[in-house]
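Fold and contact review
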Amino acid sequence: NVFKKPAAVKPVTASTSSNDQSEKKRWTLDDFDIGKPLGKGKFGNVYLARERKSKFVVALKVLFKSQLQSHGVEHQLRREIEIQSHLRHPNILRLYGYFYDESRVYLVLEYAPGGELYKVLQQCKRFDEKTAATYMAKISQALKYCHSKKIIHRDIKPENLLLGANGELKIADFGWSVHAPSSRRTTMCGTLDYLAPEMLDNKTYDEKVDLWCLGVLCYEFLVGKPPFEADSVTSTYSLIRRVVLKFPHFVSIGAQDFICRLLRKNPAERMSTDDVLQHPWLLENTRPEISEEKK
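Small disclaimer: the values here were computed from a predicted structure and weren't measured.

The rules behind each value
- Residues numbered from 1 in each chain as written.
- Predicted model: local features only at pLDDT ≥ 70, side-chain atom pairs only at ≥ 80, totals over all residues.
- Heavy atoms only, no water.
- Helix = DSSP H or I, 4+ residues; strand = E, 2+ residues; numbered from the N terminus.
- Buried < 20%, exposed > 50% of the residue type's maximum accessible area, 1.4 Å probe, protein only.
- Contact = heavy atoms within 4.5 Å.
- Areas by Shrake-Rupley, 256 points an atom, 1.4 Å probe, with all protein chains shown as cover.
- Pairing = 2+ DSSP bridges.
- Axes fitted to C-alpha atoms, helices over the stretch in contact; angles between N-to-C directions.
- Salt bridge = Lys/Arg side-chain N within 4 Å of Asp/Glu carboxyl O.
- Arc of directions from axis to C-beta.
- Core = buried A, V, L, I, M, F, W, Y, C linked by side-chain atoms within 4.5 Å.

Our focus in this paragraph is the overall build of the protein chain. Helix and strand content of the protein chain: eleven helices and eight strands. Burial status across the protein chain gives 48% buried among its 295 residues. Look at the contacts in the protein chain between residues 6 or more apart in sequence, and 64% of them connect residues 24 or more apart. Taken as a whole, the protein chain presents about 14600 Å² of accessible surface, with 50% of it coming from carbon and sulfur.

The five strands are arranged β1-β2-β3-β5-β4 in an open sheet whose pairing can be described as antiparallel. Of all strands in the sheet, those with a lone pairing partner are β1 (32-41) and β4 (95-100), marking the two edges. Averaged over neighbouring strand pairs, the angle between their axes works out to 25 degrees when direction is ignored. Relative to strand β2 (residues 44-51), β1 runs antiparallel, the two sharing seven bridges.

Time to look at the pattern of salt bridges. For side chains of opposite charge, pairing can occur when their charged atoms come near one another. Scanning the model with the defined rule gives ten salt bridges in all. Residue Lys170 is joined to Glu110 by a salt bridge in which the shortest nitrogen-to-oxygen separation is 3.1 Å. You can see Lys170 sitting in strand β8 (residues 169-171) and its partner Glu110 sitting in strand β5 (residues 104-110), a full 60 residues away along the chain. Both residues of the pair, Lys170 and Glu110, belong to the buried class. Asp201 is paired through a salt bridge with Arg241; the nearest N and O atoms lie 2.6 Å apart. With Asp201 in the loop between α6 (197-200) and α7 (208-223) and Arg241 in helix α8 (residues 233-242), this pair connects stretches of sequence that are 40 residues apart. The class of Arg241 is partly exposed, set by a relative accessible area of 27%. Via salt bridges that share partners, Asp33, Arg50 and Arg52 belong to a single interconnected network.

Turning our attention to the sheet that holds strand β7 (residues 161-163). Spatial strand order, β6-β7-β8: three strands in an open sheet with antiparallel pairing. Every other strand in the sheet has two partners, leaving β6 (115-116) and β8 as the edge strands with one partner each.

Next up on the list: α8. Taken residue by residue, α8 has Thr236, Leu239 and Ile240 as its buried positions. Down the axis of α8, the buried set is contained in an arc of 95 degrees. They therefore lie on one face. Of the exposed residues in α8, those oriented more than 90 degrees away from the buried face are Thr234 and Arg242. Just past α8, the residue Val243 takes up positive phi, approximately 50 degrees.

A separate point is the environment of Ile151. Looking at where Ile151 falls in the secondary structure, it is placed in the loop between α4 (129-148) and β7. Between the C-alpha atoms of Ile151 and Ile83, which are 68 residues apart in sequence, the distance is 8.0 Å. Setting aside residues no more than four positions away along its own chain, Ile151 makes contact with Ile83, Leu87, Cys146 and Phe174.

Right, let's get into the nonpolar core. By size, the foremost hydrophobic cluster in this structure holds 54 residues, and its most contacted members are Ile139, Phe221, Leu222, Phe258, Trp281 and Leu282. The dominant element in this core, judged by the number of residues it contributes, is α7, at twelve residues. Ignoring sequence-local partners within four residues, the contact set of Leu282 consists of Ala133, Met136, Ala137, Phe258, Val276 and Leu277.

In structure tokens:
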């Protein structure tokens, strides 16, 4: 079995208190009405679902045990579930719980009706600087929270960013993104776009890899494609290792400075999340808070 002991989880209700031990309910598939598919991945699919008792709408990620076992990722999945189920931040997708049967593991996740930020970026081609800065501020706040808990995401990219009902940004896929690769970066070359130099060279790395990803992400937001995109694996490797950066004319000097301070080969030279949140370009361009954090 992927999981040795049954999951004791509380029902998904907004009012469920974390210290309420009166009801320890074990979910089964019968507890959910299953709706339309939201996405497909290597190890399973994600569906819109509603918990029957509470009528609470969730995203149900269904992973096949046989696939998890054949790829040797059961331990990773277990660890990532443990990580995400304890995270509480308005810009991080909630994992409410999990359950499983003989053949599948089910993750009960917060539903983000706005879908992937990547699809929005595709439609817009690129974001204006105010939109990009506002998103960067939210992601940076969420990463600061993660890093304070010694958690490194390692896979920040547009496909792993979802949008809530009011357009609020949610970081998703804490590790099981590798189990559900996006159809977007199907080539080996594509998967390298966000890799930090130290990861490419198999060196030990820390939370600074997330700061590198932040720089790549900001560039992609503003330009519409990642900075080190090339037509071969070797070329991409080389551009990343040498940090070859070219900016189109429409990217402001402030945005260029912001990105360059993140895309440093030496991790120690990259901005921290505190530096990011205090950078003049971010402060000047971040839109004022809308009533999004209702949590």
